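# A closer look at the structure
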Amino acid sequence: MSNVKLPTPLPLQQFARCVNDKQRPADYIGDWPEAGRVYAVRVLPHARTGQPQVHILGFYAERPYGAFAAHRFEQVADVWLN
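Okay, so let's go over this structure.

Here is what the cut-offs are and how they apply
Residues numbered from 1 in each chain as written. Predicted model: local features only at pLDDT ≥ 70, side-chain atom pairs only at ≥ 80, totals over all residues. Heavy atoms only, no water. Pairing = 2+ DSSP bridges. Helix = DSSP H or I, 4+ residues; strand = E, 2+ residues; numbered from the N terminus. Salt bridge = Lys/Arg side-chain N within 4 Å of Asp/Glu carboxyl O. Buried < 20%, exposed > 50% of the residue type's maximum accessible area, 1.4 Å probe, protein only. Polar contact = N/O pair within 3.5 Å; in protein donor to acceptor, adjacent residues only side chain to side chain. Contact = heavy atoms within 4.5 Å. Core = buried A, V, L, I, M, F, W, Y, C linked by side-chain atoms within 4.5 Å.

## Concerning the sheet that holds strand 4 (residues 68–69)
- The strand order across the open sheet built from five strands is 4-3-2-1-5, with neighbouring strands paired in antiparallel fashion. With one partner strand each, in any of the chains shown, strand 4 and strand 5 (73–80) form the two edges of the open sheet.
- Of the strand pairs in this sheet, strand 3 (residues 52–56) and strand 4 are connected by two bridges, and their pairing is antiparallel. Its bridge partner lying in strand 4, V54 is registered against F68.

What follows is the structure, given as structure tokens:
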């Protein structure tokens, strides 16, 4: 048996409101958030820079996209799941 422990996500659901839906890239293919709407999200650090990125649960986007800059959203609520 291995002693390696993988990180487990917290039993937490985050919600955030889109505050900036401007400057959609011209080559972007997929769902794009609308300003004022609240979305179920997951905030994860960027693999190289460590800056927080917002992933909207249920959204589809073709690569290299799929995450949004944190400045486009404001956190609304965290719901602890049990």
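## Digging into the pattern of salt bridges
- Counted under the stated rule, the structure contains two salt bridges.
- Here R17 and E74 are joined by a salt bridge, their closest N and O atoms 3.0 Å apart. Placement of R17 in strand 1 (residues 12–18) and of E74 in strand 5 is noted, with a sequence separation of 57 residues between them.
- According to the relative accessible area criterion, E74 is partly exposed, its value standing at 37%.
- A salt bridge links K22 to D21; its shortest N-O distance comes to 3.6 Å.
- Note on D21: relative accessible area 24%, which makes it partly exposed.

## Digging into the side chain of Q14
- Mapped onto the elements of the fold, Q14 is located in strand 1.
- At 3.1 Å, the side chain of Q14 forms a polar contact with the backbone nitrogen of V43.

## Regarding the environment of C18
- With respect to the helices and strands, the residue C18 is situated in strand 1.
- Among the residues examined, C18 registers a relative accessible area of 1% and is labelled buried.
- With residues near it in sequence (within four places) discarded, C18 still touches P33, E34, A35, G36, R37, Y39, R72 and F73.

## Here's the deal with the nonpolar core
- Membership of the largest hydrophobic core is limited to ten residues, which are A16, C18, Y28, W32, Y39, V41, V54, I56, F68 and F73.
- Mapped by element, the contributors of at least two residues to this core are strand 1, strand 2 (38–45) and strand 3.
- If we skip the residues at most four places from it in the chain, V41 touches Q13, Q14, F15, A16, V54, H55, I56 and L57.

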